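Each chain, letter by letter, is given below.
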Number of protein chains: 2
Amino acid sequence: MSLTQHNTPQRIGIIAGIGLYPVELAKLLKNKNYEIYCAAIRDHALPEIAKYCVEYQPMGLGQFGKAIRFFKKHNITSVTMAGGVKKRLLFSADFLWKHFPDFYTARIFSQHILSKQKSQGNDSLLMRCVEAFELQGIHITAATDYAPELIMKQTTLTKRRPSSSEWKDIQYGWKVAREIGRLDIGQSVAVKNQSIIAVEALEGTDGCISRAGSLCPSGGFTIIKIGKPNQDMRFDVPYFGVETLKNLVASGACVLAMEAGKTVTVEAQECADFADKNDLCVVFVEDGTAQMAD
Amino acid sequence: MSLTQHNTPQRIGIIAGIGLYPVELAKLLKNKNYEIYCAAIRDHALPEIAKYCVEYQPMGLGQFGKAIRFFKKHNITSVTMAGGVKKRLLFSADFLWKHFPDFYTARIFSQHILSKQKSQGNDSLLMRCVEAFELQGIHITAATDYAPELIMKQTTLTKRRPSSSEWKDIQYGWKVAREIGRLDIGQSVAVKNQSIIAVEALEGTDGCISRAGSLCPSGGFTIIKIGKPNQDMRFDVPYFGVETLKNLVASGACVLAMEAGKTVTVEAQECADFADKNDLCVVFVEDGTAQMAD
């Protein structure tokens, strides 16, 4: 570590996944005078993130060794993860060919798989990644430590508020979504008339919303998307953006309820505008089992 | 009730849903000298059930009044439900047109919906149906009370047994499926490498299996399908047949684990033959969290 580093802008690494989130995060952190070094996951990260970065390194989803070498070379000791990862790639037939796991990654995960002590669930895999970085002196940090304004507070984002029957669906779905998170299955459920239409697992939130639309062509259902009971704010934090809302409209959903304090977005204003134009209701509540006062 | 009835073969009603199960059940009960009166749900029941029945009455999914009048007219006091119901129809836009809820059904369910005291989940809706029949002196009974041989006992149905890693997936998925049942969401989950690929909700088991196939094109996953912690053997009992196994093969699944004592089939031998031909492993265990001894 150079002696001059403390006088220069603080360096930060970003591992960039899918969507606008990492791009807007990079822009926001650059405006806060951070120097950004980005390891961009191939087939995931949008290339425009490069314009906010000092250095930019594409990597395969399996190339942790490459990412670690990149960050070490640039004396990066704090790295934040932003944007989703296509978890289903891990189950695709050509994963090994397309994402070239490097020697370091292969070693980490073969140890993990051979240890046979833990579940192979998302949380366990992610913690294994974190440990791999920590072993190399690189700390995985939460983006919200640098930009706490990204966290949604308790509010109704839209002009439209939930009806009393929609509140019942939120309350019912919240309890179920909490269990789904506790079991490390997924973040969201679709509910109508206090009956569960769809539960998110490997397909992700968008897949779950689309399926609910097919299963409930009469529409008018509610999506509840929340964090885990002990949500780690360093990764897999529930995110929402205009793309999520477009999918809700296309599928016929009418309410999105998310968890205040555990949801991030860089598109709050755009989301509010889009939702109002499409008569969607979007609420952030601290505890969905209790109805929020108007 | 006529005085001669006790000397005549016992009369039984069947409300027939989807698939071979109600047909084979009717055949089996006829062979046991029961006289069968069948209310066949339109767009669900196979018409060949009629040849095993004394009387046959098509009904819409919403026509409980019609079914009750049919059973009362024929002095039927015990009715069993067999075969699944397309629950998603309840959420379709044209349900009211296609399934003509009659006045009696409308009254039952409007009271249920207006009472606002209970969840509108499957169990609650089914119990409401049972109560509606009981009020009219018709008892809903379990098919397995008349034909206990339909219940699968603990066994490996196939030549192929689960590998040790497949046992781990069964153990992991079993715990999750138990919770999914407890929450009244669905009966099955798809698992690979101790990671949940798909969870069944309104789409049903076949929909869940197909989705798992799309999400995991490399195949080799395990389906766990089990009863509720307090499974009511009168309805919604996990069923499996050759159609289930065909879907498993088409989707790339390699193991099906179900619950001994809470699963019914009328096609055990056909299933064993089909599974062996396709190198599937099918096991019935009492508690999937403990590995069955070979």
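Per an unreviewed UniProt entry, the recorded name for chain A is UDP-2,3-diacylglucosamine pyrophosphatase, and the organism is Ereboglobus luteus.

The helix and strand tally for chain A stands at 10 helices and 11 strands. Sorting the 294 residues of chain A into buried and exposed places 57% on the buried side. For chain A, long-range pairs separated by at least 24 residues make up 73% of all intrachain contacts whose partners lie at least 6 apart in sequence. As presented, chain A carries roughly 12,600 Å² of accessible surface, and 52% of it is formed by carbon and sulfur atoms.

Time to look at the pairing of strand β1 (residues 11-16) of chain B. Along any regular strand, the residues point their side chains to alternate faces of the sheet. Residue and element names in this part refer to chain B. For β1, the tally of buried residues reaches 5 of 6 residues, placing the bulk of the element in the interior. Across 6 bridges, the pairing between β1 and strand β2 (residues 35-41) is parallel. Among the inter-strand pairings, R11 is bridged to a residue of β2, identified as E35. One crossover worth recording links β1 to the parallel β2 by way of helix α1 (residues 20-31), and it is right-handed. Pairing analysis gives 4 bridges linking β1 to strand β4 (residues 78-82), with the strands arranged parallel. Bridge pairing in β4 places G13 opposite V79.

All names here are of chain B. The 6 strands are arranged β6-β11-β10-β9-β7-β8 in an open sheet whose pairing can be described as mixed. Of all the strands in the sheet, the pair left with one neighbour each is β6 (155-156) and β8 (195-199). Of the pairings in the sheet, the one linking strand β7 (residues 188-192) to strand β9 (residues 221-225) comprises 4 bridges and is antiparallel in character. Paired with S188 across the two strands is K225, which belongs to β9.

Right, let's talk about the relation of the copies chain B and chain A for a bit. Of the two same-sequence chains, chain B is brought onto chain A (RMSD 0.0 Å, axial shift 0.0 Å) by a rotation of 180 degrees. Accordingly, the operation relating the two chain copies is best matched by a two-fold axis. For chain B, the residue whose C-alpha comes nearest the rotation axis is V199 of chain B, separated from it by 3.1 Å. When the interface residues of chain B are mapped onto chain A, 97% of them again lie at the interface, so the same face is used by both copies.

Time to look at the environment of V79 of chain B. All names here are of chain B. Tracing the backbone shows V79 in strand β4. By relative accessible area, V79 is classed as buried at 0%. Counting along the chain gives 42 residues from V79 to Y37, while the straight-line C-alpha distance between them is 8.9 Å. Those residues within four positions of V79 in sequence are excluded, and the remaining contacts are G13, I15, F71, I138, H139, I140 and T141.

Once that is clear, we can look at the interface of chain B and chain A. On the chain A side, the residues contacting the 35 residues of chain B number 34 residues. Roughly 2,900 Å² of surface becomes buried between chain B and chain A when both sides are summed, with 61% attributable to carbon and sulfur atoms. Remark: the boundary between chain B and chain A carries 2 salt bridges. A salt bridge links E179 of chain B to R182 of chain A, with the shortest nitrogen-to-oxygen separation between them at 3.2 Å. The interface formed by chain B and chain A includes 4 residue pairs in polar contact (both at pLDDT 80 or more). Looking at the side of chain B that touches chain A, the elements with two or more residues in it are α7 (164-182), β8 and α8 (204-215) of chain B.

All names here are of chain B. Within the secondary structure, L20 is located in helix α1. On the basis of relative accessibility, which here comes to 36%, the residue L20 falls in the partly exposed class. The spatial distance from the C-alpha of L20 to the C-alpha of E48 is 9.5 Å, given a sequence separation of 28 residues.

Below, the discussion takes up the side chain of T141 of chain B. Residue and element names in this part refer to chain B. In this structure, T141 sits in strand β5 (residues 139-141). Residue T141 is classed as buried on the basis of its relative accessible area, which comes to 14%. Among the polar contacts listed, one links the side chain of T141 to the side chain of Y146, at a separation of 3.4 Å. The contacts of T141, once residues within four sequence positions are left out, are S78, V79, T80, M81, Y146 and R234.

Here we take up the packing of helix α7 (residues 164-182) of chain A against α7 of chain B. One can describe the packing of α7 of chain A onto α7 of chain B by two numbers: an axis separation of 11 Å at closest approach and a directional angle of 175 degrees. Regarding the angle of α7 of chain A to α7 of chain B, the classification is roughly antiparallel. Taken together, the residues of α7 of chain B that come into contact with α7 of chain A (itself represented by E179, I180 and R182 of chain A) are E179, I180 and R182 of chain B.

Residues and elements named next belong to chain B. In this model α1 runs 17 Å from its N-terminal to its C-terminal C-alpha over 12 residues, within 8% of the 16 Å that 1.5 Å per residue would give. For α1, the full list of buried residues reads Y21, P22, V23, L25, A26, L28 and L29. Note on α1: the residue one or two positions beyond its end, N33, has a positive phi of about 75 degrees.

Cut-off values and rules
Within each chain, residue numbers correspond to sequence positions counted from 1 in written order. Chain letters start at A and ligand numbers start at 1, both assigned in the order the entries are written. Per-residue local features of the predicted model are confined to residues with pLDDT of at least 70, and side-chain atom pairs are confined, for both listing and counting, to 80 or more; whole-chain, interface and lining totals are unaffected and use all residues. Only heavy atoms go into the side-chain values, all of them from the structure, while hydrogens and water stay out. A run of H or I in DSSP counts as a helix once it spans at least four residues, and a run of E counts as a strand once it spans at least two, with each numbered from the N terminus. Throughout, exposure labels follow a simple rule: accessible area from a 1.4 Å probe, protein chains only, divided by the maximum for the residue type, with under 20% read as buried, over 50% as exposed, and the rest as partly exposed. Here a residue-residue contact requires only that any non-hydrogen atoms of the pair lie within 4.5 Å. The Shrake-Rupley method, run with a 1.4 Å probe, gives the accessible areas here. Residue values count only the displayed protein chains as cover. Strands qualify as paired when DSSP identifies two bridges or more between them. When the strands point away from the viewer, a crossover counts as right-handed if the route from the first strand across the helix to the second turns clockwise. Alignment of copies: least-squares fit on C-alpha atoms of residues with pLDDT of at least 70 in both copies. Once two parts are joined, some of their accessible surface, as seen by a 1.4 Å probe, is lost; buried area is that loss totalled over both. Whenever Lys or Arg places a side-chain nitrogen within 4 Å of a carboxyl oxygen from Asp or Glu, that contact is recorded as a salt bridge. A 3.5 Å cut-off defines polar contacts: any pair of N or O atoms within that distance qualifies, except that in protein one atom must be a possible hydrogen donor and the other a possible acceptor, and neighbouring residues in sequence count only when both atoms are side-chain atoms. Axis geometry follows a simple rule: fit a line to the C-alpha atoms, using only the stretch in contact for helices, then measure angles between N-to-C directions, giving values from 0 to 180 degrees. Here the angle decides the label: under 35 degrees means roughly parallel, over 145 means roughly antiparallel, 65 to 115 means roughly perpendicular, and every other value means oblique. Take the residue count of a helix, subtract one, and multiply by 1.5 Å to get its expected span.

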